[in-house]
Amino acid sequence: VGHFEPDDAAESLLLARIVAATSHATGDDFLGVQTYSRMRIGPDGTLGPESGMRTTLMGYEFYPESLEETLRRAWAMTDQTPLLVTENGIGTDKDEERIEYVERALQGVLRAIDDGIEV
């Protein structure tokens, strides 16, 4: 997982608001992060799940790496404010799928911690 840059003006504005509202400079002790999947956006709007990717019962792309990506983006954009994962998971009726999702998501958290991100 690499460095993340805003994709467009709307995302830049959103991220600027997050940075202004949440950082050590404003006195926050931590930022709560919750994520479940990713949303892909193209020039004409939402693209939907990537071709060939599994989806959850709710139609979200099965993408446990979204937690690590969100942690990395939040850390970089908030002047390195410590992060607290408030929600993450998957809507499924298959235990094997839930286990795989949680394991992959937690592996991403460990990679982020190994890289010095305070989670």
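A brief structural summary. What you see is a predicted model; the values in this text were computed from it and never measured. All residue numbers refer to position in the chain's written sequence, counted from 1. For a predicted model such as this one, the threshold for reporting local features is a pLDDT of at least 70, and the threshold for listing and counting side-chain atom pairs is 80 or more; totals across whole chains, interfaces and linings nevertheless cover every residue. No hydrogens and no water enter the side-chain calculation; it runs on all heavy atoms of the structure.

1. Examining the nonpolar core
1) Next: In these notes, a set of buried Ala, Val, Leu, Ile, Met, Phe, Trp, Tyr and Cys residues joined through side-chain atoms within 4.5 Å is what counts as a nonpolar core. When accessible area is computed with a 1.4 Å probe and restricted to protein chains, residues below 20% of their type maximum are described as buried, those above 50% as exposed, and intermediate ones as partly exposed. V33, L71 and L83 are the most contacted members of the largest nonpolar core, which totals 14 residues.
2) Next: Where this core is concerned, the elements lending two or more residues are strand 1 (31–34), helix 2 (66–77) and helix 3 (95–114).
3) Next: Note on contacts: a residue pair qualifies if any of its non-hydrogen atoms lie within 4.5 Å across the two residues. Those residues in contact with L71 that lie beyond four places of it in its chain are V33, L83, V85, V109 and V119. Numbered from the N terminus, helices here are DSSP runs of H or I no shorter than four residues, and strands are runs of E no shorter than two.

2. Comments concerning the pattern of salt bridges
1) Next: Salt bridges, as used here, are contacts in which a Lys or Arg side-chain nitrogen is within 4 Å of a carboxyl oxygen on Asp or Glu. Under the counting rule described, the total for this entry stands at 9 salt bridges.
2) Next: Its salt-bridge partner being R38, residue E50 comes within 2.6 Å of it at the nearest N-O pair. Here the residue E50 occupies a position in the loop between strand 3 (45–46) and helix 2, and R38 occupies one in the loop between strand 1 and strand 2 (41–42), the gap between them amounting to 12 residues.
3) Next: Each of the salt bridges in this network shares a partner with another, and the network as a whole consists of R54, E65, E97, E100 and R104.

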